[in-house]
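Structure at a glance
In case you want the letters, here they are:
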Amino acid sequence: MSIRPPETAARPGSAERADAPPAIITDLYDALTTRGMSLVDVTWEQHRLHESRRWSVVEMLADVDVDSLTQRDRILVWNAGRAELTTKPGADRLERQAEAECRHWRAKAPAVAAVMEACGTWSRYWNEEEAHHETVFNRLAAVTGMEPISNETFIEFRQVFPDDNMLRTLVLLAISEITAAVNYGQCQHVIEDPGLRRIFKQVAADEIQHRNYFVAFAKALVDSGEYHPKDAFSVAHLFLREDGELQGSGREQRGTHVNWWDHLDTTGSDFRPEAMEKKEQLICGALKKITGITTHSADEVEDQWMELLDN
């Protein structure tokens, strides 16, 4: 049986053309307020992109020659699996926080409430895609005989970040995805097995898509005028400062929750997927898209943050 919509006039700004390639709606606030897109339209575009990017963990694992993996390969896989355990609580938290923010803004600023709802709705796709990452790496670590992850560690790594201002939350998540994508990209360069290299490449591509979504949601909040760009810069400075989050396991760890980059263990390998300069430039690029403000370095981010605080 075919599904036919009722006879209605075409709505301006409704879902994109059926033959248009699926893509993130980068100007979400404008789409909801000027172009007339509904949340149903936005959800359709989210789902089209998700379906177009869906991949199989089982098929990916079947293409890995387990016996050919080096000790460094195994260490990278083991760390990646542990790291990905920390992403589910992020997605769960985002959905919960987006729901609360949607209710908060519903009467005061309906368009902002719609942005929050779009973000919370998309979190289900983020959660599913991150589940692929966690499962593919932890299964591979298990079949290659790496140290098992205990139930205690599993539960510890599921701790949830404390709630925060929604713009700061989205920028933190965008930068976390930048960090992950660059790390996985660096790992590709030292892995010889084509099957394993393909897994790291796929996961890195997923993380870039997640970064792009977080940037789009954050930009929508700034575009609304209800959130100040200083909050985006405050989080970027938190990461980029001399003793900041990008230093990973090289800085003091906190006990309230687990950041995956706090717990890297590369004993037995001299490889470090740092690429700090690349991460810095990608963070500056994300800030430009979110706020429209151009910076090129950690020092410029700090200067801009201080200037915004004074305004």
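Since this is a predicted model, take the numbers as computed values, not measurements. (Residues numbered from 1 in each chain as written. Predicted model: local features only at pLDDT ≥ 70, side-chain atom pairs only at ≥ 80, totals over all residues. Heavy atoms only, no water.)

To continue, consider the overall build of the chain. Looking only at helices and strands, the chain has twelve helices and zero strands in total. Reading the chain from its N terminus to its C terminus gives the helix and strand order α-α-α-α-α-α-α-α-α-α-α-α. Put simply, the chain has 311 residues, and 52% of those count as buried. Within the chain, counting contacts between residues at least 6 apart in sequence, those at least 24 apart form 80% of the total. Within the structure as shown, the chain displays about 15300 Å² of accessible surface, and the carbon and sulfur contribution to it stands at 51%. (Helix = DSSP H or I, 4+ residues; strand = E, 2+ residues; numbered from the N terminus. Buried < 20%, exposed > 50% of the residue type's maximum accessible area, 1.4 Å probe, protein only. Contact = heavy atoms within 4.5 Å. Areas by Shrake-Rupley, 256 points an atom, 1.4 Å probe, with all protein chains shown as cover.)

Before going further, it helps to examine the environment of F233. Here F233 shows up in helix α10 (residues 229–240). For the pair F233 and D303, spaced 70 residues apart in the sequence, the C-alpha separation amounts to 9.7 Å. Leaving out residues up to four positions away in the same chain, F233 has contacts with L287, T291, I293, T295, V301, Q304, W305 and L308.

Next up on the list: the pattern of salt bridges. Taken as a whole and assessed by the stated rule, the structure comprises 13 salt bridges. One salt bridge in this structure joins R158 and E134, with 2.9 Å as the shortest N-O distance. In this pair, R158 sits in the loop between α7 (151–156) and α8 (166–188) while E134 sits in helix α6 (residues 110–143), placing the two residues 24 residues apart along the sequence. Here the residues in one salt-bridge network are D27, K219 and D223, joined through shared partners. (Salt bridge = Lys/Arg side-chain N within 4 Å of Asp/Glu carboxyl O.)

Taken as a whole, this structure holds ten aromatic pairs when the rule is applied. Seen in terms of ring centroids, W122 and F214 are 5.3 Å apart; in terms of plane orientation they differ by 85°. Their pairing is edge-to-face. Linking W122 in helix α6 with F214 in helix α9 (residues 194–224), this pair joins segments that are 92 residues apart in sequence. Judged by centre distance (5.7 Å) and plane angle (20°), the rings of F137 and Y184 are stacked. Pair noted here: F137 is in helix α6 and Y184 is in helix α8, with a separation of 47 residues, a long-range link. Here the two residues F137 and Y184 agree in accessibility, since each one is buried. Through a chain of ring-to-ring contacts, the aromatic side chains of W122, W126, Y213, F214 and F217 assemble into a single cluster. The ring of W105 carries K108 above its face, with NZ or CZ at 4.9 Å from the centroid. (Phe/Tyr/Trp six-rings, centres within 6.5 Å; stacked < 30°, edge-to-face > 60°. Lys NZ or Arg CZ within 6 Å of the ring centre and 35° of its normal.)

This part covers the confidence of the model for the chain. Taken over all residues, the pLDDT of the chain has a mean of 89, while the share at 70 or more is 86%. For the chain, per-element mean pLDDT is lowest for helix α4 (residues 71–84), which scores 91, and highest for helix α1 (residues 28–33), which scores 98. Within the model, the stretch residues 4–15 combines pLDDT values under 50 with 16 contacts to residues more than four positions away or in other chains. (pLDDT = per-residue confidence, 0-100.)

Take the nonpolar core next. Looking at soluble globular proteins, one finds that nonpolar side chains tend to be buried together. Grouped together as the largest cluster of nonpolar side chains are 63 residues, with contacts concentrated most on L28, L94, M166, L170 and L221. Considering every element that reaches this core, the biggest residue donor is α6, with eleven residues. Excluding its chain neighbours within four sequence positions, the residues that come into contact with L28 are V42, V115, A118, F217 and A220. (Core = buried A, V, L, I, M, F, W, Y, C linked by side-chain atoms within 4.5 Å.)

Under the 1.5 Å per step criterion, the end-to-end length of α4 is 20 Å for 14 residues, consistent within 8% with the ideal 20 Å. For α4, the buried fraction is high: twelve of the 14 residues fall into the buried class. Regarding α4, the residues found buried are D73, R74, I75, L76, V77, W78, N79, A80, G81, R82, A83 and E84. (Expected span 1.5 Å × (residues − 1).)

Relative to the helices and strands, T295 resides in the loop between α11 (276–291) and α12 (298–309). Those residues in contact with T295 that lie beyond four places of it in its chain are F233, C284, L287, E300, V301 and Q304.

Another aspect to go through is the packing of α9 against α11. The geometry of α9 relative to α11 is characterised by a closest axis approach of 8 Å and an angle of 40° between their N-to-C directions. Crossing angle aside, the handedness with which α9 passes α11 is right-handed. Contacts between α9 and α11 involve R211, V215, A218, K219 and V222 on the former and, on the latter, L282, A286, K289, I290 and T291. Here the contact of α9 with α11 is built from residues that sort into six nonpolar, one polar and three charged. (Axes fitted to C-alpha atoms, helices over the stretch in contact; angles between N-to-C directions. Left-handed = near helix turned anticlockwise from the far one by under 90°. Nonpolar A, V, L, I, M, F, W, Y, C, P; charged D, E, K, R; others polar.)

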